[in-house]
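Remarks on the overall topology
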Amino acid sequence: MFQLVNFMNNANMKVVAQKGPFRVFEHERDLSVHPQNAMTSYFASEMNVRKRQVFVEVGKTGCVTQAGAMQWTLGNVESGTGVKGFGNFIGKMASAAVTKESAIKPVYTGNGVMMLEPTYKHIILMDVAEWGSVVLDDGLFLACEDTLQQKTVARNNISSAVLGGEGLFNLSLAGNGIAVLESPVPQEELIVFQLENDVVKIDGNMAIAWSGSLDFTVEKSGKSLIGSAVSGEGLVNVYRGTGKILMAPTA
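In this text the structure is predicted, and so the values were computed from the model without any measurement.

What follows deals with the side chain of Ser 183. Inspection of the secondary structure puts Ser 183 in strand β12 (residues 178–183). We classify Ser 183 as buried; its relative accessible area is 0%. Polar contacts involving the side chain of Ser 183 include one to the main-chain carbonyl oxygen of Val 185, which spans 2.6 Å. When sequence neighbours within four positions are dropped, the list of residues in contact with Ser 183 reads Lys 121, His 122, Ile 124, Leu 140, Leu 190 and Ile 208.

So this is what it looks like as structure tokens:
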């Protein structure tokens, strides 16, 4: 039996999003700021630059996090590595080396609650089942329910790997569950493209997540290299097929 005092009823902490076992708390002001930084902190808060934390209810499902993301746990919450033998460990190390994610992601199970470390990035709660499977840009993953399957996916062609700016390998999530992402821009600025046998062309690596069902290539913006050069666009990232793309246009 436990109680949390000055938490759920804390006037300075506001729940801004909730899905599944995850709640996103936003610190309205930095109350511990040093006097000489008070003005900067005030205007930062006015411009939506605030610390955010993810609160997790551990029970029916466990929680997988990036290494070092846990701040505190309360109740009967235990952590494990999720490693199932030496071969699995080697696989996780290899995957981490190419995706820039932590090699060992702790898995928290039991019955209780936990809080993740504060971040100034924007927190996105994603229902992975709505995507079928989703491929994430490097560094986007923060946490997820342990019901989701994680795997490393490689580019299926040289052009997207070398010229796309998205990396040769990426982390992919599939199954039923909620994923917690650290976005460079707030939810209000994210654009979602929903494709049905269609195509999206993006100048630059502004796509932060896309359906695993989409074919990703890098192509000339025009019909010829000269035309592409003259137009000033050059090469563009191209996503074809049926699925969704999450784009951060102001990142």
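Now that the structure is up, let's keep going.
We now examine the confidence of the model for the protein. On average, residues of the protein score 86 in pLDDT, and 81% of them are at 70 or above. Low pLDDT, under 50, characterises residues 85–94; the stretch is placed with nine contacts to residues that sit more than four places away or in other chains.

Take the nonpolar core next. Residues Val 134, Leu 136 and Leu 173 are the most contacted members of the largest nonpolar core, which totals 22 residues. Of all the secondary structure elements, the ones that give two or more residues to this core are β7 (122–127), β8 (133–136), β9 (141–145), β11 (169–174), β12 and β14 (207–211). Discounting chain neighbours no more than four positions away, the residues touching Val 134 are Met 126, Val 128, Leu 171, Ser 172, Leu 173, Ala 209, Trp 210 and Gly 212. Phe 22, Cys 63, Met 114 and Leu 116 belong to the second largest nonpolar core, which has 17 residues in total.

Tallied over the full model, the rule gives four salt bridges. For the salt bridge of Arg 50 with Glu 26, the shortest nitrogen-to-oxygen distance reads 3.1 Å. On the criterion of sequence distance, the pair formed by Arg 50 in the loop between α1 (38–46) and β3 (52–58) and Glu 26 in strand β2 (residues 22–27) is long-range, its members being 24 residues apart. Using a relative accessible area of 17% as the deciding quantity, one classes Arg 50 as buried. A residue is classified by how much of its surface remains accessible, and Glu 26, at 8% relative accessible area, is buried. Members of the salt-bridge network, linked through shared partners, are Glu 26, Arg 50 and Arg 52.

This brings us to the environment of Val 180. You can see Val 180 is positioned in strand β12. Separated by 158 residues in sequence, Val 180 and Phe 22 have C-alpha atoms that sit 8.1 Å apart.

The next thing to look at is the side chain of Ser 45. As for its position among the elements, Ser 45 is in helix α1. Beyond its immediate chain neighbours, meaning those up to four positions away, Ser 45 contacts Glu 28, Arg 29 and Arg 50.

What follows covers the packing of aromatic side chains. For the coordinates displayed, the defined rule picks out nine aromatic pairs. On the basis of an interplanar angle of 55° and a centroid distance of 6.5 Å, the ring pair of Phe 55 and Trp 72 is categorised as tilted. Residue Phe 55 is found in strand β3, and its partner Trp 72 is found in strand β5 (residues 70–80); the two are separated by 17 residues along the sequence. With centroids separated by 4.7 Å and ring planes inclined at 5°, the aromatic side chains of Phe 216 and Tyr 239 adopt a geometry described as stacked. One end of the pair, Phe 216, is in strand β15 (residues 215–220); the other, Tyr 239, is in strand β16 (residues 235–247), with 23 residues separating them in the sequence.

The next point concerns unusual backbone geometry. With phi around 60°, Asn 6 is a residue other than glycine that occupies positive phi space. Relative to the helices and strands, Asn 6 is located in the segment before β1 (13–19). Unusually for a residue other than glycine, Asn 197 sits at a positive phi of about 55°. Turning to its location among the elements, Asn 197 is positioned in strand β13 (residues 191–202).

A word on the environment of Ile 245. Mapped onto the elements, Ile 245 comes out in strand β16. Taking C-alpha positions, Ile 245 is 9.4 Å from Trp 131, a pair spaced 114 residues apart along the chain. For Ile 245, the residues in contact, after removing those within four places along its chain, are Trp 131, Ile 191, Val 192, Phe 193, Leu 195, Val 200, Ile 202, Ala 207, Ala 209, Trp 210, Leu 214 and Tyr 239.

Conventions used here
Residues numbered from 1 in each chain as written. Predicted model: local features only at pLDDT ≥ 70, side-chain atom pairs only at ≥ 80, totals over all residues. Heavy atoms only, no water. Helix = DSSP H or I, 4+ residues; strand = E, 2+ residues; numbered from the N terminus. Buried < 20%, exposed > 50% of the residue type's maximum accessible area, 1.4 Å probe, protein only. Polar contact = N/O pair within 3.5 Å; in protein donor to acceptor, adjacent residues only side chain to side chain. Contact = heavy atoms within 4.5 Å. pLDDT = per-residue confidence, 0-100. Core = buried A, V, L, I, M, F, W, Y, C linked by side-chain atoms within 4.5 Å. Salt bridge = Lys/Arg side-chain N within 4 Å of Asp/Glu carboxyl O. Phe/Tyr/Trp six-rings, centres within 6.5 Å; stacked < 30°, edge-to-face > 60°.

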